[in-house]
Amino acid sequence: MVGELEFERPIVELRQKIDELIKITDEANVDLSVEIQKLESRLQKLEEDIYKNLQPWDRVQIARHPLRPTSLDYISHLFDDFFECHGDRCFSDDEAIVCGIATYKGLPVTVIGHQRGKDTKENIRRNFGMPHPEGYRKALRLMKQAEKFKRPVICFIDTKGAYPGKAAEERGQSEAIARNLFEMSGLKVPIISIVIGEGGSGGALALGIANKVFMLENATYSVISPEGAATILWKDSTKSKVAAESMKITASDLKELKVIDRIIKEVKGGAHKNVQLQADYIDECLQEALKELMIQSSEELIKNRYNKYQEIGQYAF
């Protein structure tokens, strides 16, 4: 079946058997309802066992699923009157990052997110969701505008990393990311960041300095990809599964390390199975976070943001 992942093969095979029996029932007018019911019970138990015991590498595969909802998918479900803004006023418009103004339950907000494609043509257009420096400068322009008009900033993180090409480096890729980190640290309005897919390296962190950082259950957030880590550590990219387990890149690991504040429940099998339901889960989380943050003063927001990052991880001296 299209879009099914490797660890889901037993589920796919059992579903195919059920479909075959249903087809025989319809075509040959044979009552196989008992057998079908038994297989459906087996399927339900199999799905529960597989999805409750996902390994880190399984979650990496779900986070990379070609049909996984993107920032624009969630924007269309969560916000009203979204007006996209373009360009960094320095070089060009980077379509790997979308930015705009919208309303969330009547509240004016600024929305920023990494944007990848779902097919080859769109991925080329979006540079596979890997931003150039002008993308980060566009995001910063919208953040400073949000600060001026006292709008909360909501970011969706979903990128393998910032684009590492020569042209991007010549235009100041590292400086653009560093500038975002610096400015977001002192932004006087609430910032909420949600990791919805892959959160890779500084390219993800450039939208990740926030008062609240949430993460979908099957998303990943790391300094480098498992393949990259395996290549560096063992000179063998095939050990990416081992690397994924040791890197602590899953939502549960990062919640324990206080890198994120909350894990957002995900639809069984991945967000791509039901985008509307997944948006509802995010909606619930956003409502609670904004209710808490909107009553805080600018000084409190900055202080709490600082304290949040001071508490990340464990240190021994």
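Quantities reported herein were computed from a predicted structural model and do not represent experimental measurements. (Residues numbered from 1 in each chain as written. Predicted model: local features only at pLDDT ≥ 70, side-chain atom pairs only at ≥ 80, totals over all residues. Heavy atoms only, no water.)

1. As for helix 2 (residues 33-52)
Within an α-helix, residues lying three or four positions from one another point in the same direction, as the helix has 3.6 residues per turn.
No. 1: Helix length check: helix 2, at 20 residues, gives a terminal C-alpha distance of 28 Å against a target of 28 Å (1.5 Å per residue), a fit within 8%.
No. 2: Every buried residue belonging to helix 2 is among Ile36, Leu39, Leu43, Glu47, Ile50 and Tyr51, and all of these are buried. Projected onto a plane normal to the axis of helix 2, the buried residues spread over an arc of 85° and lie on a single side. Turned more than 90 degrees off the buried face of helix 2, the exposed positions are Gln37, Lys38, Arg42, Lys45 and Lys52.
No. 3: As for helix 2, its buried residues are in contact with helix 1 (9-28). (Helix = DSSP H or I, 4+ residues; strand = E, 2+ residues; numbered from the N terminus. Expected span 1.5 Å × (residues − 1). Buried < 20%, exposed > 50% of the residue type's maximum accessible area, 1.4 Å probe, protein only. Arc of directions from axis to C-beta. Contact = heavy atoms within 4.5 Å.)

2. A word on the side chain of arginine 59
No. 1: Locating arginine 59 in the fold gives a position in helix 3 (residues 56-63).
No. 2: For arginine 59, which is buried and forms no salt bridge, the nearest opposite charge comes from glutamate 217, at a distance of 4.6 Å.
No. 3: At 2.5 Å, the side chain of arginine 59 forms a polar contact with the side chain of asparagine 218. (Lys, Arg positive; Asp, Glu negative; His and termini not counted. Salt bridge = Lys/Arg side-chain N within 4 Å of Asp/Glu carboxyl O. Polar contact = N/O pair within 3.5 Å; in protein donor to acceptor, adjacent residues only side chain to side chain.)

3. Points about the pairing of strand 3 (residues 107-114)
No. 1: For strand 3, a buried count of six out of eight residues is recorded, marking the element as mostly surrounded by other parts of the structure.
No. 2: The pairing of strand 2 (residues 97-104) with strand 3 spans eight bridges and is antiparallel. Note that in strand 3 the partner of glycine 100 across the bridge is valine 111.
No. 3: Counting the residues in the hairpin turn of strand 2 and strand 3 gives two residues, including lysine 105, whose phi is positive at 55°.
No. 4: Pairing between strand 3 and strand 4 (residues 153-159): four bridges, direction parallel. The residue of strand 4 that forms the bridge with glycine 113 is phenylalanine 156. (Pairing = 2+ DSSP bridges.)

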